[in-house]
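# Topology and contacts: notes
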Amino acid sequence: MKSDYNSPNQERAMSNLKEKLFEKIKAWRPRTTKLLKEYGDVKLDDVTIEQCIGGMRDIKCLVTDISYLDPFEGIRFRGFTIPEVLEKLPKVKGREMPSVEGFFYLLLTGDVPTAGDVDAVTEEFRKRRQVPKYVFDVLRAMPRDSHPMTMFSAAILCLQRESLFVKRYNEGMSKMDYWDPMYEDALNLLAKLPEIGAYIFRLKYRGDKIIAPDANLDFGGNFAHMMGIEKPYDDVARLYFILHSDHESGNVSAHTGHLVASALSDIYYSLSAMIDGLAGPLHGLANQEVLRWIMGVMDKMGGKTPTEEEMKKFVWDTLKTQVIPGYGHAVLRKTDPRYMAQRDFCLKHLPNDPIFAYVDVLYKVVPPILKEQGKAKNPWPNVDAQSGVIQWHYGLKEYDFYTVLFGIGRALGVSANLIWDRGLGYALERPKSVTTAMLEEVVAKAGSKTPVKA
Ligand code: CMX
């Protein structure tokens, strides 16, 4: 049967990216196989009762080579820090930021692309960009006050009928080929996300005045164009998608994507679920919460920037009922370098923005307060504390849309991971649960604080 995508088993030429990826996967497989087959019983970690009940912090039970999060240094994508990524990747012509396509090449292959490589990936995305009309029909059928993340997740989910992975699986493909239709599905979906995101935005917040895509623009440039926001918003979009792409595998969105895909669900199911996990206020939705909270403070201040003393009072009052959005992290123990990259952008492009002034005062007052309160393990700001102010500055004031931007970025990293998961044949995820009585029994047997395996 003739397949409608390029498979390594077929004679049709693969794209540069796919060919290179296939070489990398083949070279990597023996490492994973050897670890599993020869050293599978080597112990990696102990698990405490606190970790078992308390959200599995720090338990090492996921593998990814696409990014690594050091608690004190922050994220590295394929070994590169954020400043290194921004410096090393080829820039879009005449713009400050690298293209999203080039960054995706780095995530997928681990190599810095040449300008020619970037052009080839840009072309790959361009070919796959057309969003089927039924997606827009589904979005239009939804109540207009649906949250943008609900609409985004639904749009991705309804595309599931396009899955090539499902087709090939039903045809009985070999496990060694799983990565191939996953790659095809991932690129087909990623290429459509900017238009889907911009469509939701214009449908909901710009009187349904939809802007058609421009075939000559790159991922970030086209998104800015369809949003109807002038330069340098194209660079904001590129920066934003790159910064939010990946944060190793344990965060809720990446982990959800991995978990769902581990059942051999296709990328549409996996990414729709990933978006649902991102939509929680303790995770990606925090970027909307930050702006909502700042607006509340601003209202009370009659628009005036509060003094540090006034802001301290707002922070303490907030702590009576909720967490301070944009502060704290489950892994990081210092200011998030994604926060710093956006702060640098603000200092360069919008130093006098009134909301940036708020964010700046918060940076001074929140960490000492969280330290004094003594609960949060990390009193420093995360990515979400700084991201809304940039959007607001460029006219995107509908802050409940902000997490969709996070979602488009996160889809890049999660997709790269899922393709590699398939390439290396990662297993169905199925941790073991215990009962409370079992934990109590373990404690009774231990008779001390020494952790004992259940
Ligand atoms: N404000 C107030 N209290 C905070 C806090 C904050 N920003 N961050 C943590 N705490 C509290 C926790 O609620 C917890 O309190 P309880 O013991 O009463 O339950 C205590 O400090 C210990 O928490 P922790 O171990 O430091 O943090 P966790 O790993 O449990 O949670 C996170 C991490 C991000 C959910 C938490 O710091 C938080 O709620 N931050 C605010 C929301 C936010 O910005 N989320 C976005 C994170 C980045 C992202 O994923 O996008």
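Residues numbered from 1 in each chain as written. Predicted model: local features only at pLDDT ≥ 70, side-chain atom pairs only at ≥ 80, totals over all residues. Heavy atoms only, no water.

## Some words on the domain arrangement of the protein chain
For the protein chain, the assigned domains are domain 1 (97-281 + 399-424) and domain 2 (286-393). Averaged C-alpha coordinates put domain 1 and domain 2 at centres separated by 28 Å. The junction of domain 1 with domain 2 conceals about 1,700 Å² of combined surface from both sides, 64% of it contributed by carbon and sulfur atoms. Contact with domain 2 buries surface across domain 1, with Leu243, Tyr399 and Tyr402 losing the most and accounting together for 37% of the total. There are 0 salt bridges connecting domain 1 and domain 2. At the boundary of domain 1 and domain 2, one finds 7 residue pairs in polar contact (both at pLDDT 80 or more). At the level of secondary structure, the elements contributing two or more residues to the side of domain 1 that touches domain 2 comprise helix 12 (233-243) and helix 20 (402-423). Class assignment of the residues belonging to the side of domain 1 that touches domain 2 gives a composition of 11 nonpolar, 5 polar and 2 charged. (Domains from an automatic or database assignment. Buried area = accessible area lost by both parts, 1.4 Å probe. Salt bridge = Lys/Arg side-chain N within 4 Å of Asp/Glu carboxyl O. Polar contact = N/O pair within 3.5 Å; in protein donor to acceptor, adjacent residues only side chain to side chain. Helix = DSSP H or I, 4+ residues; strand = E, 2+ residues; numbered from the N terminus. Nonpolar A, V, L, I, M, F, W, Y, C, P; charged D, E, K, R; others polar.)

## Notes on the site of the ligand
Residues in contact with the ligand amount to 22 residues; listed here are only the nearest, His283, Gly326, Tyr327, Lys377 and Asp384. Interatomic distance of 2.9 Å between a side-chain N/O atom of arginine 57 and an oxygen atom of the ligand. Here an oxygen atom of the ligand and a backbone polar atom of lysine 377 are 2.7 Å apart. Protein contact buries 76% of the 890 Å² of open area that the ligand shows by itself. Taken together, the residues of the shell around the ligand break down into 12 nonpolar, 6 polar and 4 charged. (Near = heavy atom within 4 Å. Areas by Shrake-Rupley, 256 points an atom, 1.4 Å probe, with all protein chains shown as cover.)

## Quick word on the confidence of the model for the protein chain
In regions of low pLDDT, the predicted coordinates are not meant to be interpreted in detail. Taken over all residues, the pLDDT of the protein chain has a mean of 94, while the share at 70 or more is 96%. Note on residues 1-12: pLDDT under 50 across the span, and 30 contacts to partners over four residues away in sequence or across chains. (pLDDT = per-residue confidence, 0-100. Contact = heavy atoms within 4.5 Å.)

## Regarding the pattern of salt bridges
According to the stated counting rule, one finds 34 salt bridges in the structure shown. Put simply, glutamate 73 and arginine 76 hold a salt bridge, and the shortest N to O gap is 2.7 Å. Overall, arginine 76 belongs to the partly exposed group, its relative accessible area being 26%. (Buried < 20%, exposed > 50% of the residue type's maximum accessible area, 1.4 Å probe, protein only.)

## Considering the layout of surface pockets
Which parts of space are left empty comes out when a probe the size of a water molecule is rolled across the atoms. Of the voids in this model, the second largest pocket is the one considered here, and its volume is about 440 Å³. Forming the boundary of the second largest pocket are 22 residues, of which Val92, Lys93, Leu217, Asp218 and Arg238 lie nearest the centre. Put simply, the parts of the chain that give the lining of the second largest pocket at least two residues each are helix 5 (115-127), helix 11 (219-227) and helix 12. The biggest single contributor to the lining of the second largest pocket is helix 5, with 5 residues. Its residues assigned to classes, the lining of the second largest pocket shows 7 nonpolar, 5 polar and 10 charged. (1 Å grid on protein atoms, 1.4 Å probe; cavity = no way out; pocket = protein on both sides within 12 Å on 5 of 7 lines; lining within 4 Å. Points joined across faces, edges and corners; volume = space filled by probe spheres on them.)

## Comments concerning the packing of helix 15 (residues 286-300) against helix 19 (residues 384-393)
Following both chains from N to C, one finds helix 15 and helix 19 inclined at 70°, their axes separated by 8 Å at the closest point. Taken together, the axes of helix 15 and helix 19 lie roughly perpendicular to each other. Residues Ala286, Asn287, Val290, Leu291 and Met295 of helix 15 pack against Asp384, Ala385, Ser387, Gly388, Val389 and Trp392 of helix 19. Taken together, the residues of the contact of helix 15 with helix 19 break down into 7 nonpolar, 3 polar and 1 charged. (Axes fitted to C-alpha atoms, helices over the stretch in contact; angles between N-to-C directions. Parallel < 35°, antiparallel > 145°, perpendicular 65-115°, else oblique.)

## Looking at helix 11
With 8 of 9 residues buried, helix 11 lies mostly within the body of the structure. Listed in full, the buried residues belonging to helix 11 are Phe219, Gly220, Gly221, Asn222, Phe223, Ala224, Met226 and Met227. Buried residues along helix 11 sit against helix 4 (100-109), helix 5, helix 9 (179-190), helix 10 (193-205), helix 12 and helix 20. Directly beyond the C-terminal end of helix 11, a positive phi value near 80° is found at glycine 228.

## Considerations on the environment of valine 331
Checked against the element boundaries, valine 331 lands in the loop between helix 16 (308-319) and helix 17 (337-349). For the pair formed by valine 331 and glycine 250, sequence separation is 81 residues and the distance between their alpha carbons is 9.4 Å. Residue contacts for valine 331: discarding those within four places in its chain leaves Leu69 and Pro71.

## Some details on the environment of glycine 413
Tracing the backbone through its elements, the reader meets glycine 413 in helix 20. For glycine 413, a relative accessible area of 0% puts it in the buried group. Separated by 171 residues in the primary sequence, glycine 413 and isoleucine 242 place their C-alpha atoms 9.0 Å from one another.

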